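Residue-level structural notes
Residues per chain, in single letters:
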Amino acid sequence: MSDDTLGAVRPAPSVAERLDRLPVLPTHRRITTVIGIGLLFDMYENNLSGTLSQVLRTDFALTATDVKLVLASVFLGQFFGAILMGRLADRLGRRRAFLVNLAIYSFFSLAGAFSPSVGWLIATRFLAGIGIGAEQTLSDSYLADVLPARHRGRLMAWAYTLGFCGVPAVGLTAMWLVPLSPFGVAGWRWLFALGAAGSAVVWALRRGLFESPRWLAAVGRRAEAEALTARLEAEARSLGTSLPEPAGRDTAYPAHGAPEPGERTPRGDSAPEPGGRTPLGKGAAASAPPSDPFLRQLFSPHLRRRTVQCWLLCLLSTVGYYGFGTLAPLVLAAKGYDIVQGLGYTATVFVGYPVGALLAVPLMDRVERRFLVAMSALGMALAGLGFAFAGSASTVIACGFAYTLVSNVFSSASHVFLAEQYPTRIRAQASGTAYSLSKLTAAALPFALLPVLERGGPGMLFATIAAAMALLAATVVLLGPRTADRPVEAEGPVGSS
């Protein structure tokens, strides 16, 4: 036996390995709760314009084009917000991006409450959308960074269960406030003000979050990453937990004593990726992005298939998910229900959102993510067709509830699935870019689907949605990788060829 073999010592685990071997800690539960409360106001915002579409049409005497612009404006803002804030999160950190996006949203949502005209309303909805646009991307990236691999799916599903309570919240609050004018102010304006106030509270809560140790290690801030990871390990030991040895080393997990892939070395150079590739130029800032252009990384041989799959998933999911949430009140109006009845039915149906997310909790770590996404997408197609052809109020509510329930199993699974596709250093920007496409599609939905509803009725509308969901299911099954219980860095080096 050689001296080298005799003296060999197994390298200590990396920051990523140490995070993944942790049990679920009180800190993880607190993080999940704080992120979930932020998601609640994101869901509230996403469904606010659709819920109020009939009310705003009456209050502002909106034309058909005005309604489309009001519905589209917030999603168009979210398209830009998802891209800009995702890039900010990868360059400056998840925590800082969280604070910026909520501050922007809170300010402009409050400004929207004072809208004197439809032009002002459209502008403030667009600017509020820029703020809230990256909320889900940032939440997914942060939770994927800090949660242990074997518990990640379940805890993220809990965060979205809390978040989806925002959907029935906006419906029930609208049903209560719209007929009223508290202090002489129209009820719908209070809905915007409540969103602003709630997000300000979340901003204060998120100031207490720590930065992602995985992100800190990836950008070369190793001492901070080590300190935070050690703090979590100490918490686990204080609870009497014996930490297991980390799983077998993956090429994406460097030795604890060596720099993480892409991390600055003490000399100022960048540590090479496995295989010798150097992603950061010599002398680059620690938080600088990899040297390859961003799109070149996304479409590198290693990530090309994932990127195509993620982009198609985000483009198509919007048709089914936001298509229902945005247009359900208008579908009910087309069926002959008045505004108050429509708001009541919508609020009842929207209870399926948190119930569906809750149903996803036990399924998330038991069913492979891509199959859960595909099966729930097909369930949305069937429930949507039932909703379209329902002939009684009870059937409308039953099919609508089934749709929202299944769609939120789908949403929880797809958010976890999307967050697991890319390496830490580009995760927020890469998933944000994919997610921004869903917002662009959502902005186009009123212009694309309202004419279908007006000309072909609810049946044609939901047949279109069903076709999109079937194509999505096929895309995810054929192109999607297995991700359940795997470390989020297991996809290997960025831009490898």
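Residues numbered from 1 in each chain as written. Predicted model: local features only at pLDDT ≥ 70, side-chain atom pairs only at ≥ 80, totals over all residues. Heavy atoms only, no water.

Observations regarding the overall build of the chain
What the chain contains, in helices and strands, is 19 helices and zero strands. The burial tally for the chain puts 61% of its 497 residues in the buried class. Within the chain, contacts between residues separated by at least 24 positions form 82% of all contacts whose residues are at least 6 apart in sequence. Taken as a whole, the chain presents about 17,900 Å² of accessible surface, with 66% of it coming from carbon and sulfur. (Helix = DSSP H or I, 4+ residues; strand = E, 2+ residues; numbered from the N terminus. Buried < 20%, exposed > 50% of the residue type's maximum accessible area, 1.4 Å probe, protein only. Contact = heavy atoms within 4.5 Å. Areas by Shrake-Rupley, 256 points an atom, 1.4 Å probe, with all protein chains shown as cover.)

Topic: the nonpolar core
By size, the foremost hydrophobic cluster in this structure holds 117 residues, and its most contacted members are Leu 52, Phe 324, Phe 462 and Leu 472. Examining the composition of this core, we find that 16 residues originate from one element, helix H19 (residues 424–479), more than from any other. Among all residues touching Leu 52, those that are not within four sequence positions of it are Ala 174, Val 178, Trp 188, Leu 191 and Phe 192. By size, the runner-up hydrophobic cluster in this structure holds ten residues, among which are Phe 294, Leu 303, Leu 418 and Ala 430. (Core = buried A, V, L, I, M, F, W, Y, C linked by side-chain atoms within 4.5 Å.)

Here we look at the packing of helix H7 (residues 135–146) against helix H8 (residues 149–163)
Two elements in contact, H7 and H8, have axes separated by 10 Å at closest approach and are oriented at 150°. Pair H7 / H8 crosses with right-handed handedness. Judged by residue contacts, Gln 136, Asp 140, Leu 143 and Ala 144 of H7 engage Arg 152, Met 156, Ala 159 and Tyr 160 from H8. When its residues are assigned to classes, the contact of H7 with H8 shows five nonpolar, one polar and two charged. (Axes fitted to C-alpha atoms, helices over the stretch in contact; angles between N-to-C directions. Left-handed = near helix turned anticlockwise from the far one by under 90°. Nonpolar A, V, L, I, M, F, W, Y, C, P; charged D, E, K, R; others polar.)

What to know about helix H5 (residues 94–113)
When the terminal C-alpha atoms of H5 are compared, their 29 Å separation across 20 residues agrees well with the 28 Å that a helix rising 1.5 Å per residue should span. When we look at burial in H5, the residues that qualify are Arg 94, Ala 97, Phe 98, Leu 99, Asn 101, Leu 102, Tyr 105, Ser 106, Ser 109, Ala 111, Gly 112 and Ala 113. (Expected span 1.5 Å × (residues − 1).)

A few points about a nonpolar patch on the surface
Together, Leu 295, Phe 299, Val 308, Leu 312 and Leu 315 give the surface a local cluster of nonpolar side chains, amounting to about 370 Å² of exposed area. Considering each element in turn, the nonpolar patch owes the most residues, three residues, to helix H14 (residues 304–334). On the basis of relative accessibility, which here comes to 32%, the residue Phe 299 falls in the partly exposed class. (Patch = residues over 30% accessible without salt bridge, like charges linked within 9 Å, V, L, I, M, F, W, Y side chains within 5 Å. Salt bridge = Lys/Arg side-chain N within 4 Å of Asp/Glu carboxyl O.)

Regarding the packing of aromatic side chains
Throughout the structure, instances matching the rule amount to 13 aromatic pairs. Relative to Tyr 44, the ring of Phe 41 has its centre 6.3 Å away and its plane inclined at 50°; by these criteria the two rings are tilted. Of this pair, Phe 41 and Tyr 44 are both found in helix H3 (residues 26–59), three residues apart, which corresponds to roughly one turn of the helix. By the burial criterion, Phe 41 is buried, and Tyr 44 matches it. Ring geometry for Phe 98 against Tyr 142: centres 5.7 Å apart, planes inclined by 75°, an arrangement best described as edge-to-face. Placement of the pair is Phe 98 in helix H5 and Tyr 142 in helix H7, with a sequence separation of 44 residues. Residue classification places Phe 98 among the buried positions, given a relative accessible area of 1%. Overall, the relative accessible area of 1% leaves Tyr 142 in the buried class. (Phe/Tyr/Trp six-rings, centres within 6.5 Å; stacked < 30°, edge-to-face > 60°.)

Some details on the pattern of salt bridges
A side chain of one charge can pair with a side chain of the opposite charge if their charged atoms are brought near each other. Across all of its chains, the model carries twelve salt bridges by this definition. Glu 135 is paired through a salt bridge with Arg 206; the nearest N and O atoms lie 2.6 Å apart. Of the two residues, Glu 135 is situated in helix H7 and Arg 206 in helix H10 (residues 187–206); the sequence distance between them amounts to 71 residues. Here Arg 206 falls in the buried class, since its relative accessible area comes to 0%. One salt-bridge network, in which partners are shared between bridges, spans Arg 18, Arg 21, Arg 222, Glu 226 and Glu 233.

Quick notes on the confidence of the model for the chain
When pLDDT is averaged along the chain, the result is 80, and 82% of the positions lie at 70 or above. Here helix H1 (residues 3–6) stands out as the least confident element of the chain, with mean pLDDT 47; helix H12 (residues 222–238) is the most confident, with 94. Scored below 50 in pLDDT, residues 249–290 shows 108 contacts in the model against residues more than four places distant or in partner chains. (pLDDT = per-residue confidence, 0-100.)

A closer look at helix H18 (residues 393–419)
The terminal C-alpha atoms of H18, which comprises 27 residues, lie 38 Å apart, in line with the 39 Å expected from a rise of 1.5 Å per residue. For H18, a buried count of 20 out of 27 residues is recorded, marking the element as mostly surrounded by other parts of the structure.

Overview of the environment of Val 373
Tracing the backbone through its elements, the reader meets Val 373 in helix H17 (residues 369–389). Spatially, the C-alpha atom of Val 373 lies 7.1 Å from that of Ala 473, the residues being 100 residues apart in sequence. Not counting chain neighbours up to four residues away, the residues in contact with Val 373 comprise Leu 313, Phe 410, Ala 413, Ser 414, Leu 472 and Val 476.

Things to note about unusual backbone geometry
Despite not being glycine, Phe 183 has its phi angle at roughly 55°, a positive value. Positionally, Phe 183 belongs in the loop between helix H9 (166–177) and H10.

Topic: the packing of H18 against H19
Remark: H18 packs on H19, axes separated minimally by 10 Å, with the N-to-C direction vectors making an angle of 155°. Looking at the two axes, H18 sits roughly antiparallel to H19. With respect to the hand of their crossing, H18 and H19 are arranged in right-handed fashion. Judged by residue contacts, Tyr 403, Phe 410, His 415, Phe 417, Leu 418 and Ala 419 of H18 engage Arg 427, Ser 431, Ala 434, Tyr 435, Phe 462, Ile 465, Leu 472 and Val 476 from H19. Looking at the contact of H18 with H19 residue by residue, the classes come out as eleven nonpolar, two polar and one charged. (Parallel < 35°, antiparallel > 145°, perpendicular 65-115°, else oblique.)

Here's the deal with the environment of Ala 169
Within the element layout of this structure, Ala 169 appears in helix H9. Residue Ala 169 is classed as partly exposed on the basis of its relative accessible area of 27%. Counting along the chain gives 128 residues from Ala 169 to Phe 41, while the straight-line C-alpha distance between them is 9.6 Å.

A closer look at the side chain of Arg 214
When you line up the elements, Arg 214 lands in helix H11 (residues 213–218). Within polar-contact distance, the side chain of Arg 214 engages the backbone oxygen of Asp 145 at 2.9 Å. (Polar contact = N/O pair within 3.5 Å; in protein donor to acceptor, adjacent residues only side chain to side chain.)

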